[in-house]
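Commentary on secondary and tertiary structure
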Amino acid sequence: MTEPAPPPRHFDPGCPHEAAHRALLAALADPARAARLVGVSGSGCGSRVSGYLPIAWVAAPFGRAVSVARGLRLARPDLVPLVYAGDGELLGEGAADLLRAVEAGAPLAVIMVDNLGPACPSEAGTPGLPGAPRGAPPAWLGRLLPGATARDAVRPEAVARSVERALTQAEQGRLGLAWIRGACPAAEGSRWV
Amino acid sequence: MARELASGMESVARFALATGLGPLLAAPGPLLEDFVAAARAAGGPIPAEDREAAGLAFGAAAAGRVPVLAVSGPGLGRIGEVLSAAAAAELPLVVVAVARAGPGNGNEAPAQTEYTLATRAPGSGGARALVLAPASAGEAGRLVVEAARLGRRERIPAIVLMDALLARAREGTEVPGRGRRRRPVPPAQGPVPSNTGAAPAGREALETLDRRLAGKVAGWATLAVLDSRDVVDDGIVLVAYGSAARQAATALEKARRRGWPVGLLRPVTLVPFPDREVAAALARSRGAVVVELASGQLLEDVRRLAPAGLPLSPVIRLGGAVPTPWEILDAARELLGGPP
């Protein structure tokens with residue numbers, strides 16, 4: 001008997017997305033909570049999240065994940081948007097959208113998976129180009145969100161606490177950010193995207 | 001409805017709010033003041049720039065509303081990626097685009113420089129949109145409602161293309177009264193469809209989707225609307241849309257008073273362009289005067305539909321200038337062989 005083909009996978013072992021997914025799966029264990037959430041995915045490796053987490057997902061154009069999430073909330077104040085994107089989406093093309101959401105205190109949960117690449121990587125998951133700063137948070141983000149601190153993907157308990165806090169803040173009508181950091185194991189970027 | 005002095009953008013906002021469309025979204029700008037004021041009064045967010053506004057519109061559309069997004073000049077180009085994503089996701093949203101003189105930032109005077117962009121490539125990746133062109137403040141409001149209706153039906157963005165004259169000049173027009181209670185917007189509810197905006201997996205699935213999206217355009221021919229006046233056999237036709245059509249209409253009156261065989265073709269839908277009707281009128285004519293506030297963008301479509309050898313006389317003004325009815329009349333006189 002032929003064995004069924006394995007389901008497609010998009011993330012290499014050790015990918016920081018794995019830590020983020022595990023933390024979110026635990027946080028979404030309550031079906032009532034999951035029913036109130038709507039996910040918005042950004043571009044790049046993060047765009048594949050929709051197959052891994054049990055909530056509705058909207059795929060946003062590059063750089064617009066945060067604004068799309070705010071638009072969803074505008075039309076559906078009963079829903080809590082969850083933005084899931086990488087640092088390229090949120091600190092590069094979408095930096096202005098994130099900045100304005102932070103300034104407005106928009107009620108969103110933002111899960112940022114930072115692969116230590118430049119803020120606008122040329123390919124999904126590409127680590128930093130030679131000479132690019134690695135791991136340094138943008139100054140404006142630190143000033144707007146005091147206490148915004150990256151959690152290393154290799155520390156799952158810290159990641160889980162950060163994700164839970166972000167979701168709780170969004171449910172309370174504030175902007176919550178969970179910043180999960182880890183090097184891309186594929187070096188040249190995910191082979192699955 | 002009340003007859004009031006209202007600008008095109010004010011008319012757009014009031015018709016939108018009265019018919020349950022929204023949210024109204026626009027980054028502040030001199031051509032969009034009346035719209036932004038209405039959006040602020042309605043309690044909506046005021047985005048700082050066009051791409052943020054477009055993102056908000058995409059999200060609201062994904063959640064089941066039909067947002068009205070206003071942009072001016074280069075803003076239509078800026079939101080191209082989001083328009084493309086909305087077309088791919090089959091989300092209806094209305095874009096009110098006020099053209100500026102250009103290229104570049106241009107100025108805030110009347111222009112029709114976004115015709116080619118709006119009708120041929122409003123979004124990246126071959127995305128298309130319905131395009132409607134009002135010629136009065138009142139019509140601007142009514143066409144926004146029509147754009148939303150068509151956008152819902154075809155599940156695609158729709159653009160209402162205007163110029164600064166229509167956007168800002170106040171004229172007496174029928175608009176929903178300020179004091180009129182807005183129709184309560186039935187709250188969007190139910191689950192948000194999952195994978196909205198996600199590209200299908202696999203090359204074959206993507207080609208299937210792209211073919212289906214491209215096929216929509218072919219089915220739009222029956223939606224074309226043309227305002228045709230006084231077109232007679234062996235006469236001259238004036239072809240224009242928007243504010244240029246108003247100047248052409250004045251020139252038409254003067255021509256008819258002189259007994260000249262002149263008619264007017266004013267496309268109300270630019271996508272779909274009323275190909276069949278315009279081609280038929282051009283085939284019966286001895287020449288056409290094409291009036292536009294751009295460097296030959298509408299002229300390209302008229303040339304495409306005109307029989308070989310038909311004289312075409314462009315009356316073109318750029319940089320914010322508007323042709324006078326006498327310039328148009330002179331062009332018609334020349335095509336007629338110089339009647340007095």
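The rules behind the values
- Residues numbered from 1 in each chain as written.
- Chains lettered and ligands numbered in written order.
- Predicted model: local features only at pLDDT ≥ 70, side-chain atom pairs only at ≥ 80, totals over all residues.
- Heavy atoms only, no water.
- Pairing = 2+ DSSP bridges.
- Helix = DSSP H or I, 4+ residues; strand = E, 2+ residues; numbered from the N terminus.
- Axes fitted to C-alpha atoms, helices over the stretch in contact; angles between N-to-C directions.
- Contact = heavy atoms within 4.5 Å.
- Phe/Tyr/Trp six-rings, centres within 6.5 Å; stacked < 30°, edge-to-face > 60°.
- Buried < 20%, exposed > 50% of the residue type's maximum accessible area, 1.4 Å probe, protein only.
- Polar contact = N/O pair within 3.5 Å; in protein donor to acceptor, adjacent residues only side chain to side chain.
- pLDDT = per-residue confidence, 0-100.
- Buried area = accessible area lost by both parts, 1.4 Å probe.
- Salt bridge = Lys/Arg side-chain N within 4 Å of Asp/Glu carboxyl O.
- Core = buried A, V, L, I, M, F, W, Y, C linked by side-chain atoms within 4.5 Å.
- Parallel < 35°, antiparallel > 145°, perpendicular 65-115°, else oblique.
- Left-handed = near helix turned anticlockwise from the far one by under 90°.
- Nonpolar A, V, L, I, M, F, W, Y, C, P; charged D, E, K, R; others polar.

Here we take up the sheet that holds strand β9 (residues 236–239) of chain B. Sheets are built from strands paired through backbone hydrogen bonds, the pairs being either parallel or antiparallel. Residue and element names in this part refer to chain B. Reading across from one edge, β8-β10-β9-β12-β13 is the order of the 5 strands in this open sheet, with mixed pairing throughout. Among the strands making up the open sheet, the edge pair consists of β8 (226–229) and β13 (312–316). Within the sheet, the average angular offset between the axes of one strand and its neighbour, ignoring direction, is 20°. Note that β9 and strand β12 (residues 287–292) share 4 bridges and pair parallel. Directly across from Leu238, in β12, lies its bridge partner Val289. Packing of helix α13 (residues 325–335) onto the sheet brings it into contact with β9, β12 and β13, and relative to β12 it is tilted by some 160°.

The subject of this paragraph is the packing of aromatic side chains. Ring pairs (aromatic) are described by centroid distance and by the angle formed between their planes. Residues and elements named next belong to chain A. In this structure the tally under the stated criterion is 2 aromatic pairs over all chains. Here the aromatic rings of Trp57 and Tyr84 are separated by 6.4 Å at their centres, their planes lie at 85°, and the arrangement is edge-to-face. With Trp57 in strand β2 (residues 56–59) and Tyr84 in strand β3 (residues 80–86), this residue pair connects regions lying 27 residues apart in the sequence. Taking the relative accessible area as the measure of exposure, Trp57 reaches 1% and is therefore buried. With relative accessibility at 0%, the residue Tyr84 sits in the buried group.

All names here are of chain A. Here 6 strands make up an open sheet; going across it, the order is β2-β1-β3-β4-β6-β5 and the pairing parallel. Edge positions in the open sheet fall to β2 and β5 (150–152), since each of these has one partner strand only. Taking the axes of each pair of neighbouring strands and ignoring which way they run, one obtains an average angle of 25° across the sheet. Of the pairings in the sheet, the one linking β5 to strand β6 (residues 176–181) comprises 3 bridges and is parallel in character. When the sheet's bridge partners are listed, Ala150 is paired in β6 with Trp179. The strands touched by helix α1 (residues 16–27) within the sheet are β3, β4 (109–114) and β6, with β3 carrying the most contacts at an inclination of about 165°.

Residue and element names in this part refer to chain B. Looking at the element boundaries, Gln297 is found in helix α12 (residues 297–305). A distance of 3.1 Å separates the side chain of Gln297 from the backbone nitrogen of Tyr115, its partner in a polar contact. For Gln297, the contacting residues outside a window of four places in its chain are Gln112, Thr113, Glu114, Tyr115, Thr116 and Glu292.

Across chain B, pLDDT averages 93, with 96% of residues at or above 70. Both scores are available for the predicted complex, with the pTM at 0.91 and the ipTM at 0.90.

Once that is clear, we can look at the interface of chain A and chain B. Interfaces are often sized by the accessible area lost when the parts come together. Each partner contributes to the interface: chain A provides 22 residues, whereas chain B provides 28 residues. Summing both sides of the interface, chain A and chain B together bury roughly 2000 Å²; the carbon and sulfur share of this comes to 62%. At the surface where chain A touches chain B, the tally comes to 4 salt bridges. Close ionic contact of Arg100(A) with Glu52(B) constitutes a salt bridge, the shortest N to O distance being 2.3 Å. Our count for the contact surface shared by chain A and chain B stands at 6 residue pairs in polar contact (both at pLDDT 80 or more). Those elements that provide at least two residues to the side of chain A that touches chain B are β2, α3 (65–75) and α5 (95–104) of chain A.

Right, let's talk about the environment of Gly75(B) for a bit. Turning to its location among the elements, Gly75(B) is positioned in helix α4 (residues 75–78). Considered as a pair, Gly75(B) and Glu334(B) are 259 residues apart in the sequence and their alpha carbons are 39 Å apart.

Core analysis: the largest hydrophobic core is formed by 119 residues, its most contacted members being Val68(B) and Val96(B). No other element matches helix α3 (residues 50–62) of chain B, which puts 8 residues into this core. Beyond its immediate chain neighbours, meaning those up to four positions away, Val68(B) contacts Val12(B), Ala16(B), Leu21(B), Gly22(B), Pro23(B), Leu24(B), Leu25(B), Phe35(B), Val94(B), Val96(B) and Val144(B). By size, the runner-up hydrophobic cluster in this structure holds 26 residues, among which are Ala19(A), Val49(A), Ile55(A) and Leu82(A).

With that out of the way, let us pick up unusual backbone geometry. Most peptide bonds take the trans configuration, and most residues that are not glycine carry a negative phi. Residues and elements named next belong to chain B. The residue after Gly22, namely Pro23, is reached through a cis peptide bond having omega 5°. Considering the arrangement of structural elements, one finds Pro23 in the loop between α1 (8–18) and β2 (24–26). At the junction of Gly102 and Pro103, the peptide bond is cis and its omega measures out at 10° in the coordinates. The topology assignment puts Pro103 in the loop between β4 (94–98) and α6 (115–120). The backbone of Glu90 shows a phi angle near 55°, a positive value even though the residue is not glycine. Mapped onto the secondary structure, Glu90 falls in the loop between α5 (80–88) and β4. Given the relative accessible area of 10%, Glu90 is considered buried. For Asp234, which is not a glycine, the phi torsion comes out positive at approximately 60°. Along the chain, Asp234 falls in the loop between β8 and β9. When its relative accessible area of 46% is taken as the criterion, Asp234 is described as partly exposed.

Residues and elements named next belong to chain A. Taken N-terminus to C-terminus, the directions of α1 and helix α7 (residues 156–171) make an angle of 55°; their axes are 9 Å apart at the nearest point. The orientation of α1 with respect to α7, classified from their angle, is oblique. Here α1 and α7 pass one another in a crossing that is right-handed. Contact residues: Ala19, Ala23, Leu24 and Ala27 in α1; Val159, Ala160, Val163, Glu164 and Leu167 in α7. In the contact of α1 with α7, the residues fall into 8 nonpolar, no polar and 1 charged.

Burial of β4(B) is extensive: 5 of the 5 residues sit out of reach of the surface. The alternating pattern of β4(B) places Val94(B), Val96(B) and Val98(B) and Val95(B) and Ala97(B) on opposite faces, both of which are buried.

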